[in-house]
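What follows is the residue order along each chain.
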Amino acid sequence: MRIALGSDHGGYEMKEAIKTHLESKGFDIKDFGTKTTDSCDYPEFAVAVGEEVAKGTYDRGILVCGTGVGISIAANKIPGVRCALVGDCFTAAATRQHNDSNVLALGGRVIGVGLALQIVDTWLGTEYEGGRHQRRIDLITDIEKKYNK
Ligand code: RB5
């Protein structure tokens, strides 16, 4: 599985911990930045990662900002991206099973690295269930088509 990572300065340390964790497990990772703790703008990294996932160049994306809110809002503007802001393992599993989320957002100033890594492992290890959930995802795709003419 190819995974694109990105963060702003508020998520930098958590993004680095996730990168080290996933590389040690043998995942194919590309880090789209940020590369330092200098202040920067989270939409840039949301777009860099989201575009790669929407194109299919990367299978999944993981984004981190201070709260996870700004970077998830920005990523969800890209058609084809279903970005879930997650702070617990139940939601990490459910958003894969029900929403087929392809980008995970985390709050680097909200949860600890230990929980973040458990969320990442749960999210990457849980399959989409399809079935009745596909109808709902198709309805989300209809919204994208309606507002992205
Ligand atoms: C940066 O200060 C902060 O606003 C950002 O990381 C994020 O929390 C925005 O939603």
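No experiment lies behind these values; they were computed from the predicted model shown.

Cut-off values and rules
Residues numbered from 1 in each chain as written. Predicted model: local features only at pLDDT ≥ 70, side-chain atom pairs only at ≥ 80, totals over all residues. Heavy atoms only, no water. Helix = DSSP H or I, 4+ residues; strand = E, 2+ residues; numbered from the N terminus. Buried < 20%, exposed > 50% of the residue type's maximum accessible area, 1.4 Å probe, protein only. Contact = heavy atoms within 4.5 Å. Salt bridge = Lys/Arg side-chain N within 4 Å of Asp/Glu carboxyl O. Pairing = 2+ DSSP bridges. Axes fitted to C-alpha atoms, helices over the stretch in contact; angles between N-to-C directions. Parallel < 35°, antiparallel > 145°, perpendicular 65-115°, else oblique. Left-handed = near helix turned anticlockwise from the far one by under 90°. Nonpolar A, V, L, I, M, F, W, Y, C, P; charged D, E, K, R; others polar.

Engineer: Give me the environment of G11: which residues, what numbers.
Structural biologist: In this structure, G11 sits in the loop between β1 (2-7) and α1 (12-24). Taking relative accessible area as the criterion, G11 reaches 1% and is therefore assigned buried. Placed 97 residues apart in sequence, G11 and G108 show a C-alpha to C-alpha distance of 4.6 Å. When residues no more than four places from it in sequence are discounted, the contact partners of G11 are V64, C65 and G66.

Engineer: Give a description of the pattern of salt bridges that names residues and reports values.
Structural biologist: Taken as a whole and assessed by the stated rule, the structure comprises nine salt bridges. D31 is paired through a salt bridge with K19; the nearest N and O atoms lie 2.7 Å apart. On the criterion of sequence distance, the pair formed by D31 in strand β2 (residues 28-31) and K19 in helix α1 is long-range, its members being twelve residues apart. Exposure remark for D31: the relative accessible area of 12% places this residue in the buried category. A salt bridge links E52 to K55, with the shortest nitrogen-to-oxygen separation between them at 3.5 Å. In this pair, E52 and K55 are both assigned in helix α2 (residues 42-55), three residues apart and thus about one turn of the helix distant.

Engineer: Which residues make up the sheet that holds strand β4 (residues 83-85), and what values go with them?
Structural biologist: In spatial order, the strands read β2-β1-β3-β5-β4; together these five strands make up an open sheet with parallel pairing. Two strands in the sheet have a free side with no partner beyond their single neighbour: β2 and β4. Averaged over neighbouring strand pairs, the angle between their axes works out to 20° when direction is ignored. Sheet topology places strand β3 (residues 60-65) next to strand β5 (residues 103-107); five bridges connect them, and they run parallel. Its bridge partner being in β5, L63 is matched across the sheet by A105.

Engineer: Account for the packing of α1 against helix α5 (residues 113-124), with residues named and values stated.
Structural biologist: Running from amino to carboxyl end, α1 crosses α5 at an angle of 50°, the nearest separation of the two axes being 10 Å. When the axes of α1 and α5 are compared, the pair comes out oblique. Pair α1 / α5 crosses with right-handed handedness. Of the residues in α5, those in contact with M14, A17, I18, H21 and L22 of α1 are V113, A116, L117, V120, D121 and L124. Its residues placed into classes, the contact of α1 with α5 shows nine nonpolar, one polar and one charged.

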